[in-house]
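Architecture and fold: a report
Chain by chain, the residues:
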Amino acid sequence: MRFMSAVVAALTGLLAAPAGAEERMFDAPTHAGYRVDICRVWGSECGQAAADEFCRLQGFERAEMSMVDHDIGAVTPTRTLADGKICDQSFCDGFGAISCVRSGTDVQSSMTATTQPARPG
């Protein structure tokens, strides 16, 4: 029974993270000097849309996971990514962490592009 559980866990891990995929965790992510607000645009496109936008700005494909720090704006103002608005009120929420991923093909193509020598003209 333990063997079967270990096999299922290993297969689940393989399916969740494709070979060559790159993942990076950003703790208390910031943009332009402020904590990243949980909304991409002031009061809308909150949660996944904002986390995905942050990851794209970092050169990743999308956000795999995110955590929210609630009511931080009065102490640590947040900034929306799309329209750059600052939220400095106690009710403002920011991301506590965002985990960004990109597929192995993107990693390979970006590595190839940067490691191939220039051809003489």
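Structure: above.
Worth saying up front: this structure is predicted, and the values here are computed from it rather than measured. (Residues numbered from 1 in each chain as written. Predicted model: local features only at pLDDT ≥ 70, side-chain atom pairs only at ≥ 80, totals over all residues. Heavy atoms only, no water.)

The next subject is the nonpolar core. Core analysis: the biggest nonpolar cluster contains 14 residues, and Phe54, Cys55, Phe95, Ile98 and Cys100 have the highest contact counts within it. For this core, the leading source of residues is helix α2 (residues 48-57), giving four residues. (Core = buried A, V, L, I, M, F, W, Y, C linked by side-chain atoms within 4.5 Å. Buried < 20%, exposed > 50% of the residue type's maximum accessible area, 1.4 Å probe, protein only. Helix = DSSP H or I, 4+ residues; strand = E, 2+ residues; numbered from the N terminus.)

The full count for this structure, using the stated rule, is three disulfides. A sulfur-sulfur separation of 2.0 Å characterises the disulfide bridge that pairs Cys55 with Cys100. As the torsion about the S-S bond is roughly -80°, the Cys55-Cys100 disulfide counts as left-handed. Here the residue Cys55 occupies a position in helix α2, and Cys100 occupies one in strand β9 (residues 94-102), the gap between them amounting to 45 residues. Relative accessible area serves as the criterion here: at 0%, Cys100 is assigned to the buried category. Disulfide partner of Cys87: Cys92, at an S-S distance of 1.6 Å. Handedness here is read from the sign of the S-S torsion; for Cys87 and Cys92, about -60°, the answer is left-handed. What links to what in the chain: the bonded cysteines, counted in sequence order, pair as 1-2, 3-6, 4-5. (Disulfide = S-S within 2.5 Å.)

Taken together, three strands build an open sheet; the order of strands is β1-β9-β6 and the sheet is antiparallel. A strand with exactly one partner marks an edge of an open sheet, and here the two such strands are β1 (22-27) and β6 (62-69). Taking the axes of each pair of neighbouring strands and ignoring which way they run, one obtains an average angle of 10° across the sheet. Where β1 lies against β9, six bridges are found, and the strand directions are antiparallel. Bridging across to β9, Met25 finds its partner in Ser99. Docked against the sheet, α2 engages β1, β6 and β9, running at close to 60° with respect to β9. (Pairing = 2+ DSSP bridges. Axes fitted to C-alpha atoms, helices over the stretch in contact; angles between N-to-C directions. Contact = heavy atoms within 4.5 Å.)

Mapping Val36 onto the fold places it in strand β3 (residues 34-36). Judged by relative accessible area, Val36 falls into the buried class, the value being 0%. The sequence separation of Val36 and Ala50 amounts to 14 residues, and the corresponding C-alpha distance is 8.4 Å. Among all residues touching Val36, those that are not within four sequence positions of it are Pro29, Thr30, His31, Phe54, Thr78, Arg79, Leu81, Gly94 and Phe95.

A few words on the sheet that holds β3. Spatially, the four strands line up as an open sheet ordered β2-β3-β7-β8, and their pairing is mixed. Two strands close off the open sheet at either side, each with one partner strand: β2 (30-31) and β8 (86-87). The pairing of strand β7 (residues 78-79) with β8 spans two bridges and is classified as antiparallel. Counterpart to Arg79 in the pairing with β8 is Ile86.

Moving on to the pattern of salt bridges. This structure, assessed with the given rule, holds six salt bridges. For Glu22, the salt bridge is made with Arg102, and the minimal N-O distance between the two is 2.8 Å. Taken together, the residues Glu22 in strand β1 and Arg102 in strand β9 connect sequence positions 80 residues apart. Given a relative accessible area of 18%, Arg102 falls into the buried group. One salt-bridge network, in which partners are shared between bridges, spans Arg40, Glu45, Glu53 and Arg56. (Salt bridge = Lys/Arg side-chain N within 4 Å of Asp/Glu carboxyl O.)

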